[in-house]
Amino acid sequence: VSTQSTGSELQVLANAKLVLTIVAKVAGVDFVSLSSNGTDIATHLLSSGLVEYEKQKNRNRYGSLMSQYESALNDARKNRRNRFQYGDFTQDDAKEFGYSK
């Protein structure tokens, strides 16, 4: 990740009005979405290739949010942004190291 792209992303967030929305509540813990000017911050960071997300087993709990995140991450992979600059490093099953599903 280049420091320049990370710095500009943080600068945008520092001067923005943010909206916090509760997406789900699981075992008393609120799961939230953060947006600025109608743009979901996590989706923006995912499509920029700056972060990844943990895939959830119960996707229905989060509505369309997980498919939106997956689409943004696939866009970053396809366009080789930041972390994916040299290709997709996440799909290696590492069979040579004994990994199996």
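This text goes with the structure placed above it.
**Q** How do you make sense of a nonpolar patch on the surface when you look at a structure like this?
**A** A cluster of nonpolar side chains, namely L18, L20, I22, V32 and L34, defines an oily patch on the protein surface of about 440 Å² accessible area. Of all the elements, strand 1 (residues 18-26) adds the most residues to the nonpolar patch, at three residues. With respect to the helices and strands, the residue V32 is situated in strand 2 (residues 29-36). A residue is classified by how much of its surface remains accessible, and V32, at 44% relative accessible area, is partly exposed.

**Q** Can you walk me through the pattern of salt bridges in this structure?
**A** In a structure, side chains of opposite charge can pair up when their charged atoms sit close to one another. Considering all chains together, one arrives at three salt bridges under this definition. For D75, the salt bridge is made with R81, and the minimal N-O distance between the two is 2.6 Å.

**Q** Teacher, can you tell me more about the pairing of strand 1 here?
**A** Two faces, one strand: in a regular strand the side chains alternate between the faces of the sheet. Two strands pair when backbone bridges link them, and strand 1 and strand 2 are joined in this way by eight bridges, in the antiparallel orientation. Bridged to I22 within strand 2 is V32. In textbook terms, the turn of a hairpin is the stretch between consecutive antiparallel strands, and for strand 1 and strand 2 this stretch comprises two residues, one of which, A27, has a positive phi near 50°.

**Q** Sorry if this is basic, but what is going on with the pairing of strand 2 here?
**A** The sheet contact formed by strand 2 and strand 3 (residues 39-40) spans two bridges and is antiparallel. Bridge pairing in strand 3 links S35 to D40. Connecting strand 2 to the next strand, strand 3, in antiparallel fashion are two residues, including N37 with a positive phi near 50°.

Thresholds applied
- As a convention, each chain's residues are numbered from 1 in the sequence order in which they are written.
- Predicted model: local features are reported for residues with pLDDT of at least 70 only, side-chain atom pairs are reported and counted for 80 or more only, and whole-chain, interface and lining totals are derived from all residues.
- In computing side-chain properties, one takes all heavy atoms of the structure into account and sets aside hydrogens as well as water.
- Only residues whose relative accessible area exceeds 30% and that form no salt bridge enter a patch; like-charged residues are grouped when within 9 Å of one another, and nonpolar side chains (Val, Leu, Ile, Met, Phe, Trp, Tyr) when within 5 Å.
- Areas reported as accessible are Shrake-Rupley estimates using a 1.4 Å probe. Residue values count occlusion only from the protein chains shown.
- Note on definitions: salt bridges are taken to be side-chain nitrogens of Lys or Arg within 4 Å of carboxyl oxygens of Asp or Glu.
- Working definition: helices are DSSP H or I runs of at least four residues, strands are E runs of at least two. Numbering for both runs from the N terminus.
- Only protein chains enter the area calculation, which uses a 1.4 Å probe; residues under 20% of their type maximum are buried, those over 50% are exposed, and those in between are partly exposed.
- The criterion for strand pairing is that DSSP finds at least two bridges linking the strands in question.

Distances and angles like these do not, on their own, reveal function.
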